[in-house]
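Chain residues, written in single-letter form:
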Amino acid sequence: MNGEAEHPDWRSQLEALERKNRLLAEGIKQAERLRQLWGDAVQELKHARAELKASREFLEQVLTVSPDPLLVVDRHGRILLANLAASRLMESPREKLIGRQVLRLLDARERRRILALFRGNLGSGKTEVMVRTRQGKRLVVAEWSLVRHAGHAHHARQLRSAL
């Protein structure tokens, strides 16, 4: 009888091990599914980054070849983008324009007037406004458009030299 009494304990231990083995196998399957999902997500992220990079490069090319001087200014007045035509017109390398306050490019007397104009018209406009740069060059701000990106509003401005 001693052997029979020990036998049920052995069976319950075997059943417990089999349950643990099934749980472990299920955990391994879930881990493999998660690994696959993670790999898919990483591939999608890489693809999205590549598309974003290509879109950004395309935008840069469009801006670069545009014959019209263009500036994109954020809501704080910092220049985010400037094309080569704007660089030539402002007589400053693009690298020096990016990040600068757009109002700092203007004559001190012009700053208040232009600031009031753009604050009063936060949408888009086609009013030609003559401004003078700090170097005394006369420019015309011909158009501006409100562009929203990542929850923020930016102004894209078209400039031209006043003859």
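Remember, it's a predicted structure, so these values are computed and weren't measured experimentally. (Residues numbered from 1 in each chain as written. Predicted model: local features only at pLDDT ≥ 70, side-chain atom pairs only at ≥ 80, totals over all residues. Heavy atoms only, no water.)

*Asks:* Looking at this structure, how should I read the overall build of the protein chain?
*Replies:* For the protein chain, the helix and strand inventory stands at four helices and five strands. Starting at the N terminus and walking to the C terminus, you meet the elements of the protein chain as α-β-β-α-α-α-β-β-β. Expressed as a percentage of its 163 residues, the buried residues of the protein chain come to 26%. For the protein chain, contacts bridging at least 24 residues in sequence account for 33% of all contacts bridging at least 6. (Helix = DSSP H or I, 4+ residues; strand = E, 2+ residues; numbered from the N terminus. Buried < 20%, exposed > 50% of the residue type's maximum accessible area, 1.4 Å probe, protein only. Contact = heavy atoms within 4.5 Å.)

*Asks:* How should I be thinking about the pairing of strand E1 (residues 70-73) in this particular structure?
*Replies:* On a regular strand, one side chain projects to one face of the sheet and the next to the other, so that they alternate. With three bridges joining them, E1 and strand E2 (residues 79-82) adopt antiparallel strand pairing. The residue of E2 that forms the bridge with Val-73 is Ile-79. (Pairing = 2+ DSSP bridges.)

*Asks:* I keep staring at the nonpolar core and nothing clicks. Help me out?
*Replies:* Across soluble globular proteins, nonpolar side chains show a tendency to be buried alongside one another. One finds Leu-71, Val-73, Ile-79, Ala-82, Ala-86, Met-90, Leu-97, Val-102 and Leu-105 forming the largest nonpolar core, which totals nine residues. Where this core is concerned, the elements lending two or more residues are E1, E2 and helix H2 (84-90). The residues touching Ala-86, leaving out its near neighbours within four places in the chain, are Pro-69, Leu-70, Leu-71 and Leu-97. (Core = buried A, V, L, I, M, F, W, Y, C linked by side-chain atoms within 4.5 Å.)

*Asks:* Would you mind going over unusual backbone geometry with me for this structure?
*Replies:* Apart from glycine, the bulk of residues carry a negative phi angle, and the bulk of peptide bonds sit in the trans form. Within the chain, Glu-91 stands out as a residue other than glycine whose phi angle is a positive 55 degrees. Tracing the backbone shows Glu-91 in the loop between H2 and helix H3 (94-97). A relative accessible area of 60% places Glu-91 in the exposed class.

*Asks:* Explanation requested: the pattern of salt bridges in the structure shown.
*Replies:* Should their charged atoms come close, side chains of opposite charge can pair. Tallied over the entire structure, the rule returns three salt bridges. A salt bridge links Arg-33 to Glu-26, with the nearest nitrogen and oxygen atoms 3.4 Å apart. Glu-26 gets classed as partly exposed once you look at its relative accessible area, which sits at 34%. For Arg-35, the salt bridge goes to Glu-32, with nearest N and O atoms at 2.7 Å. Separated by three residues within a single helix, Arg-35 and Glu-32 lie in helix H1 (residues 2-65), roughly one turn from each other. (Salt bridge = Lys/Arg side-chain N within 4 Å of Asp/Glu carboxyl O.)

*Asks:* What is the right way to look at the side chain of Arg-94 in this model?
*Replies:* Considering the arrangement of structural elements, one finds Arg-94 in helix H3. In this structure the side chain of Arg-94 is engaged in a polar contact, spanning 2.6 Å, whose partner is the backbone oxygen of Ala-82. Setting aside residues up to four positions removed in sequence, Arg-94 forms contacts with Glu-60, Thr-64, Ala-82, Asn-83, Leu-84 and Ser-87. (Polar contact = N/O pair within 3.5 Å; in protein donor to acceptor, adjacent residues only side chain to side chain.)

*Asks:* Can you help me understand the confidence of the model for the protein chain in this one?
*Replies:* Low pLDDT marks stretches whose predicted atomic positions should not be read closely. Averaged over every residue, the pLDDT of the protein chain is 78; residues scoring 70 or more account for 69%. The weakest mean pLDDT in the protein chain belongs to strand E5 (residues 152-161) at 57; the strongest belongs to H3 at 91. (pLDDT = per-residue confidence, 0-100.)

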